[in-house]
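Here's the letter readout for the chains.
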Amino acid sequence: MDAAPPQEIDMWLERFRRFWTQHLDALGTELARGTRERRDQHAQRDQRETTTGAPAAGGHPTTENEEDT
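Each residue is numbered by its place in its chain's sequence as written, counting from 1. Given that this is a predicted model, residues contribute local features only at a pLDDT of at least 70 and side-chain atom pairs are listed and counted only at 80 or more, while totals for whole chains, interfaces and linings are drawn from all residues. Computation of side-chain values covers all heavy atoms of the structure but excludes hydrogens and water.

Some words on helix H1 (residues 4-52)
Residues that lie three or four places apart on an α-helix share one face, since the helix turns once every 3.6 residues.
Then, number 1: Numbering of helices and strands starts at the N terminus; helices are DSSP runs of H or I of at least 4 residues and strands are runs of E of at least 2. One less than the residue count of a helix, multiplied by 1.5 Å, gives the span that helix is expected to have. The terminal C-alpha atoms of H1, which comprises 49 residues, lie 70 Å apart, in line with the 72 Å expected from a rise of 1.5 Å per residue.
Then, number 2: Bending is quantified residue by residue as the angle between axes fitted to the seven-residue window ending at that residue and the seven-residue window starting at it. Along its length, H1 reaches its greatest deviation from straightness, about 30°, at Leu13.
Then, number 3: Looking one or two residues beyond H1, the residue adopting positive phi is Gly53, at roughly 80°.

Observations regarding the packing of aromatic side chains
Then, number 1: In this scheme Phe, Tyr and Trp rings, the latter by its six-membered ring, pair at centre separations within 6.5 Å, and the angle between planes marks the pair as stacked below 30 degrees, edge-to-face above 60, and tilted otherwise. One pass over the full model with this rule turns up two aromatic pairs.
Then, number 2: Where Phe19 meets Trp20, the ring centres are 4.9 Å apart and the plane angle is 90°; that geometry is what we call edge-to-face.
Then, number 3: Taking relative accessible area as the criterion, Trp20 reaches 45% and is therefore assigned partly exposed. Summary of the burial criterion: residues with accessible area below 20% of their type's maximum are buried, those above 50% are exposed, and those between are partly exposed, where the area comes from a 1.4 Å probe applied to protein chains only.

Here it is in structure tokens:
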């Protein structure tokens, strides 16, 4: 098998790898940061609900009337 054609393809692809690797790594970092922030926000909300016994902002306790509907 002649190794030259696959090497040429690999050299051509290297330009894209150098460009996309950095950008995809940055995207992965931002996605992880967003996931971590959402997880922390949910944990803080759950902690407030546990300590106060009331839902955090945006939530509301249900009443008997609401449960019937």
